[in-house]
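# Reading the structure
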Amino acid sequence: GAGLGRPISFPRAQDAAGGAAETAVSVFIGEPARLLVLGSSRSLKKPQGVAGGPGGLLAVADTGADQVKLFGSDGTFLAALGTRKRNKEPDLSKPRGVAVDAAGNLFVADTGHDRIVKLSSSGVLLAEAGDVRLKKGLKTFHAGGEPGRFRRPWGVAVDTAGLVYVADHGNRRVQVLGPGLAFL
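The paragraphs below set out a description of the structure included in this document. (Residues numbered from 1 in each chain as written. Predicted model: local features only at pLDDT ≥ 70, side-chain atom pairs only at ≥ 80, totals over all residues. Heavy atoms only, no water.)

### Structural notes on the overall build of the protein
Regarding its fold elements, the protein presents zero helices and 16 strands. Taken over 184 residues, the protein has a buried fraction of 42%. Within the protein, counting contacts between residues at least 6 apart in sequence, those at least 24 apart form 35% of the total. (Helix = DSSP H or I, 4+ residues; strand = E, 2+ residues; numbered from the N terminus. Buried < 20%, exposed > 50% of the residue type's maximum accessible area, 1.4 Å probe, protein only. Contact = heavy atoms within 4.5 Å.)

### With respect to the sheet that holds strand E16 (residues 173-177)
Across the sheet, which stays open at both edges, the three strands sit in the order E14-E15-E16 with antiparallel pairing between neighbours. Only two strands of the sheet have a single partner each, and these edge strands are strand E14 (153-158) and E16. Pairs of neighbouring strands in the sheet enclose a mean axial angle of 20°, with direction left out of account. Sheet topology note: the E14/strand E15 (residues 164-168) ladder contains five bridges and is antiparallel. Considered in E15, the bridge of Val158 is made with Val164. (Pairing = 2+ DSSP bridges. Axes fitted to C-alpha atoms, helices over the stretch in contact; angles between N-to-C directions.)

### Let's talk about the pattern of salt bridges
Taken as a whole and judged by the stated rule, the model has nine salt bridges. The shortest N-O distance in the salt bridge between Lys69 and Asp62 comes to 2.8 Å. Exposure remark for Asp62: the relative accessible area of 0% places this residue in the buried category. For the salt bridge of Glu89 with Arg115, the shortest nitrogen-to-oxygen distance reads 3.1 Å. In this pair, Glu89 is assigned in the loop between strand E8 (77-81) and strand E9 (95-100) and Arg115 in strand E11 (residues 115-119), connecting sequence segments 26 residues apart. (Salt bridge = Lys/Arg side-chain N within 4 Å of Asp/Glu carboxyl O.)

### Regarding the sheet that holds strand E7 (residues 67-71)
Sheet strands pair by backbone hydrogen bonding; their relative direction is either parallel or antiparallel. Within the open sheet, the four strands sit side by side as E5-E6-E7-E8. Their pairing is antiparallel. The strands lining the two open edges of the sheet, one partner per strand, are strand E5 (47-52) and E8. With direction set aside, neighbouring strand axes in the sheet form an average angle of 20°. Bridging between E5 and strand E6 (residues 58-62) involves five bridges; their strand directions are antiparallel. Note that in E6 the partner of Pro47 across the bridge is Asp62.

### Some words on the nonpolar core
Soluble, globular proteins show a tendency: their nonpolar side chains are buried together. Ala59, Val68, Leu70, Val98, Leu106 and Val108 are the most contacted members of the largest nonpolar core, which has 14 residues in total. Secondary structure elements with two or more residues in this core: E6, E7, E9, strand E10 (106-110) and E11. Not counting the four nearest positions on each side in its chain, Val68 is found in contact with Ala59, Val60, Ala79, Ala80, Leu81, Leu92, Val98 and Val108. Counting residues in each nonpolar core, the second largest holds 13 residues, with Ile116, Phe150, Val166 and Leu181 among its members. (Core = buried A, V, L, I, M, F, W, Y, C linked by side-chain atoms within 4.5 Å.)

### Topic: the packing of aromatic side chains
When we look at a pair of aromatic rings, we describe it by the centre distance and by the angle of the planes. Enumeration over the complete set of coordinates arrives at one aromatic pair. Summarising the aromatic geometry, the rings of Phe71 and Phe77 are spaced 5.8 Å apart at their centres and angled 75° between planes, so their arrangement reads as edge-to-face. What makes Phe71 buried here is its relative accessible area of 3%. (Phe/Tyr/Trp six-rings, centres within 6.5 Å; stacked < 30°, edge-to-face > 60°.)

### Observations concerning the side chain of Gln67
The topology assignment puts Gln67 in strand E7. According to the relative accessible area criterion, Gln67 is buried, its value standing at 15%. Among the polar contacts made by the side chain of Gln67, one reaches the main-chain carbonyl oxygen of Gly82 at a distance of 3.3 Å. (Polar contact = N/O pair within 3.5 Å; in protein donor to acceptor, adjacent residues only side chain to side chain.)

### A look at unusual backbone geometry
A cis amide bond links Glu89 with the next residue in sequence, Pro90, at an omega value of 0°. Inspection of the secondary structure puts Pro90 in the loop between E8 and E9. Residue Arg152 is not a glycine yet carries a positive backbone phi of 55°. By secondary structure assignment, the location of Arg152 is in the loop between strand E13 (138-142) and E14. Even without being glycine, Arg172 reaches a positive phi, approximately 50°. Arg172 sits in the exposed class, given a relative accessible area of 79%.

These values are about where atoms sit, not about what they do.
This is the structure we're talking about:
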């Protein structure tokens, strides 16, 4: 578009079937829109979802890094949420979707663990939904088809009333949860 300067190229891979992947997320902000580039091939391994929040906060579900990465409105890296340590929250596995509510809380489709988590912007686990069990003091995660259970949730969105909508990919449905992640 006009006023964006010279084009920016990113590392890109394409398979024989025409599927492609990039290692950066491009976000268009404002009117007229401006290009904001988040991350690089070094900082984002496989970005799958992006959401905006209060104060210009931008959250990216980085599936390949098992993290949610936070950026400021100018693209400045703020934090990486996800420990990559089993049972130390936020223990994320292949997060694909992320949403941010008006208070800045993050809702993450934790695809590899078949659950949805609600995190504070500092990464504190506030709530979780799915079939999560404690066995000898350790959490175990199980896919399920019952209400409030998930099988590879891919997307998540939150509306202004705080309702959470989950694209429950493996069960081919959308589930609606309350702000505390109770099934509605």
